[in-house]
Amino acid sequence: MDGPPGLLDWVPNLMRGLGNTMLVTLFGTLLMLVLAVVLGLMARSHRLPVRGVARVVIEFFRGTSLPIQLFWLYFALPMAGFRLEPIVAGVVAFGLNYGAYGAEVVRGAINAVPKPQWEAATALNLSSRQRMTRVIWPQAIPLMIPAMNNLFIQLFKSTPLLFAISISDIMFMGESFRFAGGNSTAMYLLLMVIYFVIAYAVTLLANLAEVAVKSRLGQHEGIRSLFRTRKPVPQEVAP
Amino acid sequence: MNWSWEFAFEILPELLEHFVQYTLVATVLGTIVGAALGLIFAVIRQLRIPLLAQLTTAFIEFVRSTPLLIQLFFLFYALPGMGVTLSPMFVGVLGLGVHYACYMADVYRSGIDAVPKGQWEASVALHLPPRITWQRVVLPQAIRNVLPALGNYAIAMFKETPFLAFITVPELLRTAQSIGGETFRYLEPFTMAGLIFLAASYPTALLLRRMEYRLAAY
């Protein structure tokens with residue numbers, strides 16, 4: 001091929017890159033959710049050692065910056081004898097970092113379930129397991145969805161970092177377009193539009209999920225709430 | 001495990017120097033740009049200037065939903081093609097500032113909304129011109145209320161400064177990387193870099209929580 005490539009020539013490459021990006025996003029989000037629930041529940045424990053471990057892990061992963069965690073896993077950990085595949089390093093870094101933020105979301109949502117609900121569950125002689133699965137969680141989940149959606153968008157927005165640990169993600173493909181002499185202005189704008197569209201599509205899905213779980217609780221919202229846009233904010237400030 | 005304390009302390013001064021010179025400076029300047037621009041965005045939207053207000057809203061929505069890294073690359077690699085060449089540090093401060101201005105605009109808005117309606121009415125009653133109403137009555141009260149929230153954004157921005165490494169700003173992450181490249185030891189530089197971040201951000205977050213608590217007491 002002669003001359004600089006056009007945007008259309010690069011679409012197959014971008015799609016391949018997007019596949020890798022979405023792979024890490026998907027598994028990173030799953031790990032984030034699992035860690036958020038585990039750490040969030042641990043942080044509510046009455047036992048000091050359990051709560052202490054959770055707090056240390058949460059504050060550690062919130063306090064050290066995500067790019068540094070990612071580079072640590074990919075470049076520093078092999079020096080200590082563990083070599084991770086780049087994809088695994090990405091999933092683990094995103095999952096740990098955002099899982100720590102998610103733990104606070106889970107903890108806050110469970111604490112936000114009104115006290116009388118706990119007392120009523122005890123009065124009805126529900127076991128502590130039944131109380132959590134039948135009374136508390138169904139009410140806490142709708143409270144978590146907007147914040148988790150926000151965390152997802154933050155995670156998704158961090159995925160261009162993957163190109164720095166030699167994953168051929170969508171950012172890598174965009175960079176290769178620039179190296180091949182393509183119009184970088186157009187390419188970066190296209191990349192931003194792709195990110196924007198996916199973030200909004202997921203927001204729509206999260207709204208749908210929120211409406212669904214709320215209707216199970218008897219809280220019905222109009223169809224307009226589906227099209228409410230979420231305002232992604234950094235995790236520090238997320239409620 | 002082949003961790004060497006000797007090596008870790010040997011590289012600490014260099015890391016700290018770059019941390020102060022680039023990471024902290026970028027955070028402070030980025031916060032100033034973000035806070036100023038965010039205020040302008042918020043006032044434009046509050047005044048409902050036709051077209052400009054809608055454009056600002058669209059810009060804010062777009063910037064918030066797209067990755068900071070691509071925005072930085074756009075400023076750094078795409079703008080020179082249009083005849084604007086900026087130094088890496090300038091691009092970094094500008095990118096961080098604009099990105100966070102879009103978050104901060106909403107913070108200001110909630111602060112402005114929280115100023116009691118009576119304050120606006122009193123300003124009208126006192127026949128204050130709009131400029132004085134904003135300058136002397138509304139904004140001083142609004143900004144005071146949002147200071148802790150702005151501080152939280154400053155911490156968030158601080159933790160995103162390693163993104164500047166990719167546009168060749170020699171901040172903490174890039175310094176750690178280049179030390180690793182020279183010595184083939186990555187464990188110590190990256191660990192120390194992470195610990196420096198933790199040591200700086202955790203106490204600041206605690207301090208902000210206390211400030212929030214004290215301001216809320218009024």
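Just above sits the structure.
Time to look at the overall build of chain A. Within chain A, the regular secondary structure consists of 8 helices and 0 strands. Overall, chain A shows an N-to-C arrangement of helices and strands of α-α-α-α-α-α-α-α. Structurally, chain A occupies a C-alpha span of about 80 × 50 × 25 Å along its principal axes. Here chain A, with 239 residues, has 49% of them falling under the buried criterion. Across chain A, the fraction of contacts at a sequence separation of at least 24, relative to all contacts at a separation of at least 6, is 74%. Of the accessible surface of chain A, which amounts to about 11,300 Å², a share of 67% is contributed by carbon and sulfur atoms. For chain A, the distance from the average position of its 20 positive side-chain charges to the average position of its 11 negative side-chain charges is 14 Å.

Here we take up helix 7 (residues 170-179) of chain A. Three or four residues apart is the spacing at which side chains of an α-helix point the same way, because the helix has 3.6 residues per turn. Residue and element names in this part refer to chain A. The element helix 7 is largely enclosed, with a buried count of 7 among its 10 residues. For helix 7, the full list of buried residues reads Ile170, Met171, Met173, Gly174, Glu175, Phe177 and Arg178. Looking one or two places after helix 7, you find Gly181, whose phi comes out positive at around 95 degrees.

Here we take up helix 6 (residues 128-158) of chain A. Taking 1.5 Å per residue as the helical rise, helix 6 of chain A with its 31 residues ought to reach 45 Å, whereas the 38 Å between its terminal C-alpha atoms falls clearly short. Taking the largest bend as the criterion, helix 6 of chain A deviates by roughly 45 degrees, centred on Ile136 of chain A, and proline Pro138 of chain A comes between one and four positions later.

What follows covers the environment of Met192 of chain B. Residue and element names in this part refer to chain B. In this structure, Met192 sits in helix 8 (residues 187-216). Between the C-alpha atom of Met192 and that of Phe9, which follows or precedes it by 183 residues, the distance is 9.0 Å. With residues near it in sequence (within four places) discarded, Met192 still touches Trp3, Ala8, Leu12 and Leu15.

Residues and elements named next belong to chain B. One pass over the full model with this rule turns up 29 aromatic pairs over all chains. Judged by centre distance (5.0 Å) and plane angle (80 degrees), the rings of Phe76 and Tyr77 are edge-to-face. Since its relative accessible area comes to 16%, Phe76 is described here as buried. Residue class for Tyr77 comes out partly exposed when judged on its relative accessible area of 26%. Judged by centre distance (4.8 Å) and plane angle (35 degrees), the rings of Phe158 and Phe197 are tilted. Of this pair, Phe158 sits in helix 6 (residues 130-160) while Phe197 sits in helix 8, and the two are 39 residues apart along the sequence. Here Phe158 and Phe197 have matching classes, each one buried.

Quick look at the nonpolar core now. Residues and elements named next belong to chain A. In terms of nonpolar packing, the biggest core is built from 107 residues, with Ile110 and Met144 touching the most fellow members. It is helix 6 that provides the largest number of residues to this core, a total of 13 residues. If we skip the residues at most four places from it in the chain, Met144 touches Val105, Val106, Ala109, Ile110 and Trp137.

On to the environment of Arg55 of chain A. All names here are of chain A. Tracing the backbone shows Arg55 in helix 2 (residues 48-63). For Arg55, a relative accessible area of 25% corresponds to the partly exposed category. The spatial distance from the C-alpha of Arg55 to the C-alpha of Leu70 is 21 Å, given a sequence separation of 15 residues. Other than its neighbours up to four places away in sequence, Arg55 contacts Ala43, Glu104 and Arg107.

We now examine a nonpolar patch on the surface. Taken together, the side chains of Leu23, Leu26, Phe27, Leu30 and Leu33 of chain A make up a nonpolar region of the molecular surface, amounting to roughly 430 Å² of accessible area. Assignment of secondary structure puts Phe27 of chain A in helix 1 (residues 11-42).

The partner chain B presents 45 residues to the 42 residues of chain A that form the contact. Across the chain A to chain B interface the summed buried area is about 4,100 Å²; carbon plus sulfur atoms make up 73%. Interface area lost by chain A to chain B is led by Ile68, Met79 and Met192 of chain A, which between them contribute 16%. Summed over the shared surface of chain A and chain B, the number is 0 salt bridges. Contributing elements (two or more residues each) for the side of chain A that touches chain B: helix 2, helix 3 (66-76), helix 6, helix 7 and helix 8 (184-216) of chain A. Broken down by element, the side of chain A that touches chain B gets its largest block of residues, 11 residues, from helix 8 of chain A. Classifying every residue of the side of chain A that touches chain B by side-chain character gives 28 nonpolar, 7 polar and 7 charged.

Turning our eyes to something else, we now look at the side chain of Lys214 of chain A. Note on placement: Lys214 of chain A falls in helix 8. Setting aside chain neighbours within four positions, we find Lys214 of chain A in contact with Pro142, Gln219 and Glu221 of chain A.

All names here are of chain B. Direction vectors running N to C along helix 1 (residues 5-47) and helix 2 (residues 52-64) enclose 135 degrees, while the axes themselves pass 8 Å from each other. On the basis of their axis angle, the class for helix 1 and helix 2 is oblique. Seen along the crossing, helix 1 lies across helix 2 with a hand that is left-handed. The segment helix 1 lies against helix 2, with Phe41, Ile44 and Arg45 engaging Leu52, Ala53, Thr56, Thr57, Phe59 and Ile60. Classifying every residue of the contact of helix 1 with helix 2 by side-chain character gives 6 nonpolar, 2 polar and 1 charged.

Contact pair helix 8 of chain A / helix 3 (residues 68-78) of chain B: the axes reach a minimum separation of 9 Å and the direction vectors enclose 170 degrees. What the angle tells us is that helix 8 of chain A and helix 3 of chain B run roughly antiparallel. Each of Ser184, Thr185, Tyr188, Leu189, Leu191, Met192 and Tyr195 of chain A in helix 8 of chain A lies in contact with helix 3 of chain B, whose residues at this interface are Ile70, Gln71, Phe73, Phe74, Tyr77 and Ala78 of chain B. Taken together, the residues of the contact of helix 8 of chain A with helix 3 of chain B sort by class into 10 nonpolar, 3 polar and no charged.

Cut-off values and rules
- Residues numbered from 1 in each chain as written.
- Chains lettered and ligands numbered in written order.
- Predicted model: local features only at pLDDT ≥ 70, side-chain atom pairs only at ≥ 80, totals over all residues.
- Heavy atoms only, no water.
- Helix = DSSP H or I, 4+ residues; strand = E, 2+ residues; numbered from the N terminus.
- Buried < 20%, exposed > 50% of the residue type's maximum accessible area, 1.4 Å probe, protein only.
- Contact = heavy atoms within 4.5 Å.
- Areas by Shrake-Rupley, 256 points an atom, 1.4 Å probe, with all protein chains shown as cover.
- Lys, Arg positive; Asp, Glu negative; His and termini not counted.
- Charge placed at Lys NZ, Arg CZ, Asp CG, Glu CD.
- Expected span 1.5 Å × (residues − 1).
- Bend = angle between axes of the 7 residues up to and from the residue.
- Phe/Tyr/Trp six-rings, centres within 6.5 Å; stacked < 30°, edge-to-face > 60°.
- Core = buried A, V, L, I, M, F, W, Y, C linked by side-chain atoms within 4.5 Å.
- Patch = residues over 30% accessible without salt bridge, like charges linked within 9 Å, V, L, I, M, F, W, Y side chains within 5 Å.
- Salt bridge = Lys/Arg side-chain N within 4 Å of Asp/Glu carboxyl O.
- Buried area = accessible area lost by both parts, 1.4 Å probe.
- Nonpolar A, V, L, I, M, F, W, Y, C, P; charged D, E, K, R; others polar.
- Axes fitted to C-alpha atoms, helices over the stretch in contact; angles between N-to-C directions.
- Parallel < 35°, antiparallel > 145°, perpendicular 65-115°, else oblique.
- Left-handed = near helix turned anticlockwise from the far one by under 90°.

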